[in-house]
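# Overview (structure and organization)
For reference, the chains in residue letters:
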Amino acid sequence: MSIFVMPKLGADMSEGKLIAWRRSVGDAVTRGEIIADVETDKADIEVEVFTSGVIEKLLVHPGEMVPIGTPMAIIHEEGKPLEAVVMKESPPPEQPAQPSPVVTAPVQTTRAVERLRISPAAKNLAKEIGIDPASVTGTGPGGRITREDIERAAKAKAPAAETITDRQADKQSRMRQAIAAAMARSKREIPHYYLSTSIDMSHAMTWLAEENLRRPVEDRLLYGVLLIKAVALALREAPELNSLWSDGKVVQQSAIHVGVAISLRGGGLIAPALHNTDQQSLDQLMKNFLDLVRRARAGTLRGSEVSDPTITVTSLGEMGVETVFGIIYPPQTAIVGFGKVAQRPWVVEGQVVARPVMQASLSADHRVTDGHKGGLFLATVDRLLQKPESL
Amino acid sequence: MTRDEIKSAVLRALGEIAPEADPSGIDPQVNFRDQIDIDSVDFLNFIIGLHKRLDIDIAEADYPQLATLDGCVEYLAAKAQRPAK
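What counts and how
- Residues numbered from 1 in each chain as written.
- Chains lettered and ligands numbered in written order.
- Predicted model: local features only at pLDDT ≥ 70, side-chain atom pairs only at ≥ 80, totals over all residues.
- Heavy atoms only, no water.
- Helix = DSSP H or I, 4+ residues; strand = E, 2+ residues; numbered from the N terminus.
- Buried < 20%, exposed > 50% of the residue type's maximum accessible area, 1.4 Å probe, protein only.
- Contact = heavy atoms within 4.5 Å.
- Areas by Shrake-Rupley, 256 points an atom, 1.4 Å probe, with all protein chains shown as cover.
- Buried area = accessible area lost by both parts, 1.4 Å probe.
- Salt bridge = Lys/Arg side-chain N within 4 Å of Asp/Glu carboxyl O.
- Polar contact = N/O pair within 3.5 Å; in protein donor to acceptor, adjacent residues only side chain to side chain.
- Pairing = 2+ DSSP bridges.
- pLDDT = per-residue confidence, 0-100.
- Core = buried A, V, L, I, M, F, W, Y, C linked by side-chain atoms within 4.5 Å.
- Phe/Tyr/Trp six-rings, centres within 6.5 Å; stacked < 30°, edge-to-face > 60°.
- Lys NZ or Arg CZ within 6 Å of the ring centre and 35° of its normal.

A count of helical and extended segments in chain B gives 4 helices and 0 strands. In chain B, the succession of helices and strands from N to C terminus is α-α-α-α. Across the 85 residues in chain B, those meeting the buried criterion constitute 46%. For chain B, contacts bridging at least 24 residues in sequence account for 51% of all contacts bridging at least 6.

This is how it looks when you write it as structure tokens:
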């Protein structure tokens, strides 16, 4: 038997609101499956379950806001005997994820959580415009709630426009608060050091242009994907930078999950992970990157994507930025920034020639690495970008 | 395909990547990026959207010609007259 708790989806999260359960009591779930939708200050997240088994009880109801670590569901793992489950009412916010159940008081009885019959399109629309689907009468087959039902409900809700604006404004301000908390903590606790280097991008850009010429429009690559892959491969040679700072000590990570900073429409940003970045081909990375951007903006990121990054890459070149001076997102210990690719004078064999040049920068945690290691890492990124065909 | 049809296809493709943009407020001669908050991912999705709607091949080297509404209509109208292979 195991307890599914409100996960910690990022350093800045202290509580989350259950939007909906994806599964009901009696349903079988497998490890990695999405079990619930959770709203955090930064985004709506699809949360995965990390054990396989059958859902025995749901302890939290949609709409409830609970601190991280709060037991949300009891899952009976197959092949293991049923146990009498007892647990704490609601742990204090300072006490994060306690995967082992703590026995103190009898379990609360769970109200039956009814599954709504609603089409995915209607569900998305309802979420977008802030209508509670439970308050809507379905007119579709078998009482299923359709898009039209949601639209009708939105119209009936008199000052709808105002409500939506308020909701968005509220989301915006919570997003700013979440970023503020993480960045203030970073600047307060992490002794940053900053390095920057100029990279000749002519090989990478030429290779990419030739490659894209052969590809249909759907399969074309963006140069940003080369940068992400180069960072991931360089981390294999400088694994110290692929570390998290946890409880006063450094924990080097074996898997390389590069988080990519994605700006959201209407403001704010989020940096979800491309899992096992170093093991993905450029094609896979491109596909997954586009999917990640789309989902980040649609609010359908998964829990593991927002909680897993081991380093962040931020690319601000498109805004005309030359050099990025990044702030590390805790508990990560490094962030890599890329500026714009622009024609610059460059000396090749004693001659000044025009080359597309880009500034790559590294902000890293001096508790974990030194400038020497950081410099080697940036040099490796440069070296890898000179051989784009090997990325 | 008329120029008006092409224009409305361009605006629909744009609406998909930037739902907040007001199509009537777009200056046809000014770069999209100076009027709407779009990045390279959005732009790639815009090109893919145009390709799907109009079935016209758009080379990456031609992207700069598609930076404005007028530029898009001009480029796509010329391409539509000579159907790709």
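What follows deals with the overall build of chain A. On a plain count of helices and strands, chain A comes out with 8 helices and 20 strands. By residue count, 47% of the 391 residues in chain A fall in the buried class. For chain A, restricting intrachain contacts to residue pairs at least 6 apart in sequence, the fraction spanning at least 24 positions comes to 63%. Accessible surface for chain A amounts to roughly 18,900 Å². Of this, 54% is attributable to carbon and sulfur atoms.

Moving on to the interface of chain A and chain B. The parts lose accessible area when they come together, and the size of an interface is often stated as this lost area. Contacts between the two partners involve 15 residues from chain A, matched on the other side by 19 residues from chain B. Here chain A meets chain B over a buried area of about 1,400 Å², counting both sides, of which 52% is carbon and sulfur. Inspection of the region where chain A meets chain B yields 3 salt bridges. Taken together, the connections running from chain A to chain B amount to 7 residue pairs in polar contact (both at pLDDT 80 or more).

On to the pairing of strand E2 (residues 15-21) of chain A, then. Across a regular strand the side chains alternate sides, sitting on one face of the sheet and then on the other. Residue and element names in this part refer to chain A. Two elements, E2 and strand E7 (residues 65-67), share 3 bridges in a ladder whose sense is antiparallel. Bridge pairing in E7 links Lys-17 to Met-65. Across 4 bridges, the pairing between E2 and strand E4 (residues 34-39) is antiparallel. Considered in E4, the bridge of Ala-20 is made with Asp-37.

The next point concerns the confidence of the model for chain A. Scored by pLDDT, chain A has a mean of 86; 88% of the residues are at 70 or more. Of the regions scoring below 50 in pLDDT, residues 83-114 of chain A engages in 49 contacts with residues more than four places distant in sequence or in other chains.

Turning our eyes to something else, we now look at the sheet that holds strand E3 (residues 28-29) of chain A. All names here are of chain A. Taken together, the 4 strands give an open sheet; going across it, the order is E1-E8-E6-E3, and neighbouring strands pair in antiparallel fashion. Only two strands of the sheet have a single partner each, and these edge strands are strand E1 (2-5) and E3. Of the pairings in the sheet, the one linking E3 to strand E6 (residues 53-58) comprises 2 bridges and is antiparallel in character. Following the sheet pairing, Ala-28 is matched in E6 by Val-54.

All names here are of chain A. Counting buried positions along strand E5 (residues 44-48) gives 5 out of 5 residues, so the element sits mostly inside the fold. Covered by surrounding structure in E5 are Asp-44, Glu-46 and Glu-48 together with Ile-45 and Val-47, the residues of both alternating faces. For E4 and E5, the ladder comprises 5 bridges, and the chain directions are antiparallel. Across the sheet, the residue bridging to Asp-37 is Glu-46, located in E5. Joining the antiparallel neighbours E4 and E5 is a turn of 4 residues.

As a further point, take the confidence of the model for chain B. Considering every residue of chain B, the mean pLDDT works out to 89; 95% of them sit at 70 or more. No element of chain B has a lower mean pLDDT than helix H2 (residues 32-35) of chain B, at 88, and none a higher one than helix H3 (residues 40-54) of chain B, at 92.

With respect to the element layout, A:Gly142 can be found in the loop between helix H1 (120-129) and helix H2 (147-156). For A:Gly142, a relative accessible area of 65% puts it in the exposed group.

With mixed pairing, the 5 strands of this open sheet are ordered in space as E7-E2-E4-E5-E16 (chain A). Every other strand in the sheet has two partners, leaving E7 and strand E16 (301-302) of chain A as the edge strands with one partner each.

Okay, the pattern of salt bridges next. Two side chains bearing opposite charge may form a pair once their charged atoms approach each other closely. Residue and element names in this part refer to chain A. The tally for this structure, following the rule as stated, stands at 26 salt bridges over all chains. A salt bridge links Asp-278 to Arg-236, with the shortest nitrogen-to-oxygen separation between them at 3.0 Å. Linking Asp-278 in the loop between strand E15 (273-274) and helix H6 (282-298) with Arg-236 in helix H5 (residues 223-237), this pair joins segments that are 42 residues apart in sequence. Owing to a relative accessible area of 10%, Asp-278 belongs among the buried residues under this scheme. Residues joined by salt bridges that share partners form a network here, namely Arg-22, Asp-37, Glu-46, Asp-291, Arg-294, Arg-295, Arg-302 and Glu-305.

Another aspect to go through is the side chain of A:Glu33. Residues and elements named next belong to chain A. Looking at the secondary structure, you find Glu-33 in the loop between E3 and E4. Of the residues examined, Glu-33 reaches a relative accessible area of 19% and is grouped as buried. At a separation of 2.6 Å, a polar atom in the side chain of Glu-33 contacts the side chain of Arg-23. Ignoring anything within four residues of it in the chain, the contact list for Glu-33 reads Arg-23, Ala-28, Val-47, Glu-48 and Val-49.

Now for the nonpolar core. Judged by nonpolar contacts, the single largest core of 107 residues is most densely connected at A:Phe377, A:Leu385, B:Phe32, B:Phe46 and B:Leu76. Among the elements that take part in this core, H5(A) stands out by supplying 11 residues, more than any other. In terms of nonpolar packing, the next biggest core, distinct from the first, is built from 10 residues, A:Ile118, A:Ala122, A:Leu125 and A:Ala154 among them.

The next thing to look at is the packing of aromatic side chains. This structure, assessed with the given rule, holds 4 aromatic pairs over all chains. Judged by centre distance (5.7 Å) and plane angle (70°), the ring pair of B:Phe43 and B:Tyr63 falls under edge-to-face. Note that B:Phe43 is positioned in helix H3 and B:Tyr63 in the loop between H3 and helix H4 (69-81), a separation of 20 residues in sequence. Per residue, the accessibility class of B:Phe43 equals that of B:Tyr63, and both read buried. A cation over an aromatic ring shows up here: A:Arg367 above the ring of A:Trp245, its NZ or CZ 4.0 Å from the ring centre.

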